[in-house]
Amino acid sequence: MSFAFTSRLPLSRHAVDRDGEARATPGLLNTLQTDAGTRLLVLWRGSALMEAAAPARLRLLAPDRVPAGEFRLYLGRSLAEDAPEPVGTPLVAAVLTDEEALALEPDESLWVSLRPVATTLSDRDAGLFTETLGVVNWHDSHAHCPRCGAATLVENAGWTRRCPDCGGQVFPRTDPAVIVLITDADDRILLGSNALWEGNRYSLLAGFVEPGESLEAAVIREMFEESGLRVADPVYLGSQPWPFPASIMFGFTARLADGQAPAALLPDGEEILDLRWFSRDELRASGDVIILPGRSSIARAIIEHWLGEPLEFGPDKAHGWR
């Protein structure tokens with residue numbers, strides 16, 4: 001069974017026009033607040049409010065139903081033809097305090113984080129939730145100017161911060177990382193176990209891209225650092241945002257470079273504690289032995305792309321950043 005790799009990336013889906021030109025409109029958020037057609041995604045402690053009935057769907061609210069909140073962000077306009085809201089609906093995110101969130105919806109089970117529902121949300125809702133988390137997480141870590149340390153002010157409907165002292169502007173940032181499926185001459189794949197995980201949890205090797213480094217060079221460097229193996233022929237597959245807190249994962253395949261024995265594994269001992277090669281048959285038979293990445297992760301999509309079929313085991317929640 002074969003399937004398109006990109007269709008397996010839940011957080012890369014979207015059905016929203018981000019409408020970047022409108023962000024600089026003076027008073028945009030105030031104007032949208034008075035528009036009864038606007039709909040708000042409400043966020044509390046990284047979780048969004050969901051509809052009670054299945055399937056999983058964001059509960060988008062009219063402006064007059066949402067408390068003032070700590071922060072608001074213009075998300076764009078809906079493009080989804082199958083959503084309850086018409087195409088062109090303006091969408092705003094609101095971050096609520098504890099008191100506001102529980103007054104709005106006291107049933108905490110309806111406040112849900114992204115990973116458990118990433119694969120079941122619609123394209124629009126998955127994209128909205130991912131966009132919101134990415135920008136809100138950036139704001140949480142950029143409250144002060146990186147040049148002079150002064151408290152920054154939010155501008156452009158939540159998309160920039162400006163320093164009132166030195167005048168500098170700061171824009172949302174995403175940390176690029178590569179994640180790689182390595183194969184040997186027998187077409188086995190290499191999986192590693194991270195020091196932060198259970199001993200039987202395995203995933204692809206990954207690492208951040210360094211300044212002045214291409215994605216392909218990062219593949220070669222990171223794979224050697226984590227496994228002691230040299231790889232060759234990096235081939236790009238696709239990318240997925242991973243706002244936990246602020247990454248975008250670039251998926252690659254690479255082969256074990258010539259002249260190396262597959263058994264010459266050297267985990268770094270700090271981040272990666274164990275490395276194992278798996279054939280397709282071994283991976284299919286490992287459901288009761290190892291834990292693979294969750295279905296919302298690009299790692300899971302890459303593994304299933306190599307396998308040629310979906311795996312019927314493994315958690316729905318991915319751990320860590322892989």
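What you see is a predicted model, and the numbers here were worked out from it, not measured in a lab.

## Quick notes on the overall build of the protein
In step 1: Of the regular secondary structure elements, the protein holds 7 helices and 15 strands.
In step 2: Considered along the principal axes of its C-alpha atoms, the protein spans approximately 65 × 50 × 30 Å.
In step 3: Within the protein, buried positions represent 49% of all 322 residues.
In step 4: For the protein, contacts bridging at least 24 residues in sequence account for 65% of all contacts bridging at least 6.

## Some thoughts on the packing of aromatic side chains
In step 1: This model, assessed by the stated rule, comprises 5 aromatic pairs.
In step 2: Put simply, the rings of Y236, F250 and F252 pair up and form one aromatic cluster.
In step 3: A cation over a ring is seen here: R23 above W159, with NZ or CZ 3.6 Å from the ring centre.
In step 4: In this structure, R115 packs its charged tip against the face of F244, placed 4.2 Å from the ring centre.

## Some details on the nonpolar core
In step 1: In this structure, L191 and L283 are the most contacted members of the largest nonpolar core, which totals 51 residues.
In step 2: Mapped by element, the contributors of at least two residues to this core are β2 (39-44), β4 (71-78), β5 (90-95), α3 (114-117), α4 (123-140), β10 (175-183), β11 (189-194) and α7 (298-307).
In step 3: The greatest single-element share of this core, amounting to 7 residues, is contributed by α7.
In step 4: Contact partners of L191, with chain neighbours within four places excluded, come to Y202, S203, L204, D274, L275, R276, F278, L283, L292 and I303.

## Digging into the pattern of salt bridges
It is possible for side chains bearing opposite charge to pair when their charged atoms get close.
In step 1: Taken as a whole and assessed by the stated rule, the structure comprises 22 salt bridges.
In step 2: With a closest N to O distance of 3.5 Å, E210 and R221 form a salt bridge. Of the two residues, E210 sits in the loop between β12 (205-208) and α5 (215-227) while R221 sits in helix α5, which places them 11 residues apart along the sequence.
In step 3: Judged by relative accessible area, which is 42%, E210 ranks as partly exposed.
In step 4: With a shortest N-O distance of 2.6 Å, D233 and R255 are connected by a salt bridge. In this pair, D233 is assigned in strand β13 (residues 231-242) and R255 in strand β14 (residues 247-256), connecting sequence segments 22 residues apart.

## Some words on the pairing of β5
In step 1: Across the 6 residues of β5, 6 count as buried, placing the element largely inside the fold.
In step 2: Taking every second residue as pointing to the same face, both faces of β5 are buried, with P90, V92 and A94 on one and L91, A93 and V95 on the other.
In step 3: Strand direction decides the pairing type here: β2 and β5, joined by 5 bridges, are parallel. Residue pairing across strands places L40 opposite V92, the latter belonging to β5.

## Digging into the environment of P172
In step 1: With respect to the secondary-structure elements, P172 resides in the loop between β9 (169-170) and β10.
In step 2: You can call P172 partly exposed: its relative accessible area is 29%.
In step 3: Separated by 22 residues in sequence, P172 and N194 place their C-alpha atoms 29 Å apart.
In step 4: When residues no more than four places from it in sequence are discounted, the contact partners of P172 are W138 and W159.

## What about the environment of T152?
In step 1: With respect to the secondary-structure elements, T152 resides in the loop between α4 and β7 (153-155).
In step 2: Here T152 falls in the buried class, since its relative accessible area comes to 8%.
In step 3: Separated by 17 residues in sequence, T152 and Q169 place their C-alpha atoms 8.7 Å apart.
In step 4: When sequence neighbours within four positions are dropped, the list of residues in contact with T152 reads H142, A143, H144, C145, R161, R162, C163 and P164.
In step 5: Within polar-contact distance, the side chain of T152 engages the side chain of R161 at 2.7 Å.

## What about α5?
In step 1: Here α5 spans 18 Å end to end across 13 residues, near enough to the 18 Å set by a 1.5 Å rise per residue.
In step 2: Residues A218, V219, R221, E222, M223, E226 and S227 constitute the buried set of α5.
In step 3: Where the residues of α5 are buried, they touch β10, β11, β12, β13, β14 and β15 (272-278).
In step 4: Downstream of α5 by one or two residues, G228 has phi in the positive range, about 80°.

So, how was this worked out
Residues numbered from 1 in each chain as written. Predicted model: local features only at pLDDT ≥ 70, side-chain atom pairs only at ≥ 80, totals over all residues. Heavy atoms only, no water. Helix = DSSP H or I, 4+ residues; strand = E, 2+ residues; numbered from the N terminus. Buried < 20%, exposed > 50% of the residue type's maximum accessible area, 1.4 Å probe, protein only. Contact = heavy atoms within 4.5 Å. Phe/Tyr/Trp six-rings, centres within 6.5 Å; stacked < 30°, edge-to-face > 60°. Lys NZ or Arg CZ within 6 Å of the ring centre and 35° of its normal. Core = buried A, V, L, I, M, F, W, Y, C linked by side-chain atoms within 4.5 Å. Salt bridge = Lys/Arg side-chain N within 4 Å of Asp/Glu carboxyl O. Pairing = 2+ DSSP bridges. Polar contact = N/O pair within 3.5 Å; in protein donor to acceptor, adjacent residues only side chain to side chain. Expected span 1.5 Å × (residues − 1).

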